[in-house]
Amino acid sequence: MGRSSILAFGLILSGEISNEHEVRQIETQSRRTATEDKPIKCNDIFTALPGQYKAIRTVLTKGVAGIGKTVSVQKIIVDWAEGKENQDVQLIFPLPFRELNLMKDKTLSLSDPLHDFFPETKEMDISSEEYKVLFIFDGLDECRLSLDFQSNVRMCDIFKSAPVDVLLMNLIAGNLLPSALIWITSRPAAADLIPSECVHRVTEVRGFNDPQKEEYFRKRISDQSLADTIISHLKSSRSLHIMCHIPVFCWISATVLEKMFSRAERREIPKTLTQMYTHFLIIQTNIKHEKDYEKKVKDEDMIVKLGKLAFEQLVKGNLIFYEEDLRECGIDETAASVYSGLCTQIFREEFGLHQGKVFCFVHLTIQEHLAALYAHHSFTKTCINVFDQTEQSLFKVVTRKKKKILFVLYQRAVDEALQSKTGHLDLFLRFLLGLSLKFNQTLLRELLTQTGSCSHNKDETVEFIKEKIRQNHSPERSINLFHCLNELGDDSLMQEIQHYLKSKKIKQIKLSSSQWSALVYVLLTSEQKMDEFVLKRFIGEQNTADEVLQKLLPVVKESRSVQ
């Protein structure tokens, strides 16, 4: 797909597709410098760059969940409607995939939905050269249509009927309305659903850089002294500061930290993702209490049902849900507004152009946290392992055995996460292990009063994870395991490596496989920008050049230049 440009907030990346978990992509992207970046305004995405002569018909904009893709879409539409930009375009048709999904079993012509959704087009011949048309397909990652671009079904007539997926593919491929402009947005992992030959430009929305993170909190929080305190706290935790790259996480952090730093009684301020998201869920539940005096739905019931939905859809890789998905988890769609009110801004309902309801969590990380909470609650209350919900798993165990069996749950979760090619369970695993700590369980009791006791031997889990790091030959794949150790409050491996780095003895040490992985983690999560990486700092009598290059390849990939 060639080089890509960046929209809205910042930096450039190549057009290749990444299968890493999106938080991992953010962790690496947040450290890249902007020297080679080519910013592009939202309204210029179809404009050729100097020296480019080929017309740009189809643009694919990628970006992780919650980074601002839909906001960019809305900006273009509003600017156009207000007469500010793109006035050479006569018609814009915004058709989100979550709405197209509701028509997946229908056979119709391209003109049918356009005339239904936009009645004013009935008298227009949009296939004529008189009209310049822009189709916006937002949320390719949410597509549940079968997009088989190898199909030989070719269509050129907008009045001819066909299945919706066939219409969509022919429109994107340029067989239908070849003069129409096409804009598609997607999360990175789904971007390759569109063949590269059908895409003329790839852009990317990146989120906040470090100065913009601070700017957000200073604008969001009127008390500048409090804003400074919150910014300092976030900077003290590398994992939290990196996550502020996502605008949605800035909102979550501001919501939690503003309330906690303003309180007269001081509880432990969140330093990990698990703590931050658990506090956020508590705050949202309390907001519901202020609004819902009748309390028709118990908090525990709602949280467990939402958690079940979150886990089951996370395993399937779904970020959006439909009425049948809710019903399968015991959520009555007629009472969906009650559930969404209970967790304001966590769970939202959207009514689109098509007659149907679409549901989603505000951000993927919220879904992952609720999924982990459900896994934790299922085991501690009923001893059900969510990864193996067969009848045999419904056994009852005495309290003294629960510790050991809980460790089995963590083992299974670690193995499942490591086996995932896309890393889709990585953050779920971080949250699940974080919830095993006592102070997080104390927080949970404010939400789930019926949860069972679940003390366990933390050291056993830590040692199991370290053993997995030793066994895992890919330092890159082990990075999430170090984040898990961070959630568990163990940084012994990292401290050991940092000591070697500070004393400049790293070249003299014969590093073990786990120490190499720790070195990669420390280098990739440092605040230092990866402008130039000097390999000879790590090459000595104990470590050959070839070995160093192989072990530190993940760091090399993220550096702009390497000596």
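Scroll up to find the structure this text is about.
Numbers given for residues are sequential positions, taken from 1 along each chain in its written order. Given that this is a predicted model, residues contribute local features only at a pLDDT of at least 70 and side-chain atom pairs are listed and counted only at 80 or more, while totals for whole chains, interfaces and linings are drawn from all residues. Think of the side-chain values as coming from all heavy atoms in the structure, minus any hydrogens and water.

Asks: Break down the pattern of salt bridges for me, citing the residues and quoting the values.
Replies: A side chain of one charge can pair with a side chain of the opposite charge if their charged atoms are brought near each other. For this analysis, a salt bridge means a side-chain nitrogen from Lys or Arg found within 4 Å of a carboxyl oxygen belonging to Asp or Glu. Applying the stated criterion across every chain, the model contains 17 salt bridges. Notably, a salt bridge pairs Glu204 with Arg206, separated by 3.4 Å at the nearest N-O pair. Here the two residues Glu204 and Arg206 agree in accessibility, since each one is buried. Several salt bridges share partner residues, and in doing so they unite Glu214, Arg218, Asp228 and Lys235 into one network. The rule is simple: take the accessible area with a 1.4 Å probe, protein chains only, and divide by the maximum for that residue type; under 20% is buried, over 50% is exposed, in between is partly exposed.

Asks: How would you summarise the packing of helix H14 (residues 364–382) against helix H16 (residues 426–434) if you had to cite specific residues and measurements?
Replies: To characterise two packed helices, one gives the angle between the axes of the helices and the distance between these axes. Axes, fitted as lines to C-alpha atoms, cover a helix only where it is in contact. Angles between the N-to-C directions of the axes lie from 0 to 180 degrees. Strands are runs of DSSP state E lasting at least 2 residues, helices are runs of H or I lasting at least 4, and numbering of each runs from the N terminus. Direction vectors running N to C along H14 and H16 enclose 50 degrees, while the axes themselves pass 8 Å from each other. When the axis of H14 is compared with that of H16, the two are oblique. Handedness of the crossing formed by H14 with H16: right-handed. For the pair H14 and H16, the contacting residues are Thr365, Glu368, His369, Ala371, Ala372, Ala375 and His376 in the first and Leu427, Phe428, Phe431 and Leu432 in the second. In this scheme, roughly parallel covers angles under 35 degrees and roughly antiparallel covers those over 145, while 65 to 115 is roughly perpendicular and the rest are oblique. Crossings are assigned a handedness: left-handed for a near helix turned anticlockwise from the far helix by less than a right angle, right-handed for a clockwise turn. Here, residues are in contact when the closest pair of their heavy atoms is within 4.5 Å.

Asks: Could you give an account of the side chain of Asn440, naming the residues involved and the relevant values?
Replies: Relative to the helices and strands, Asn440 is located in helix H17 (residues 438–444). Under the relative-accessibility criterion, Asn440 is labelled buried at 0%. With sequence-adjacent residues up to four places away left out, Asn440 is seen in contact with Thr274, Gln275, Gly434 and Leu435.

Asks: Help me get a handle on the environment of Gln515, residues and values and all.
Replies: Of note, Gln515 is situated in helix H21 (residues 513–524). What makes Gln515 buried here is its relative accessible area of 10%. Note: C-alpha distance between Gln515 and Glu496 (19 residues apart in sequence) is 8.4 Å.

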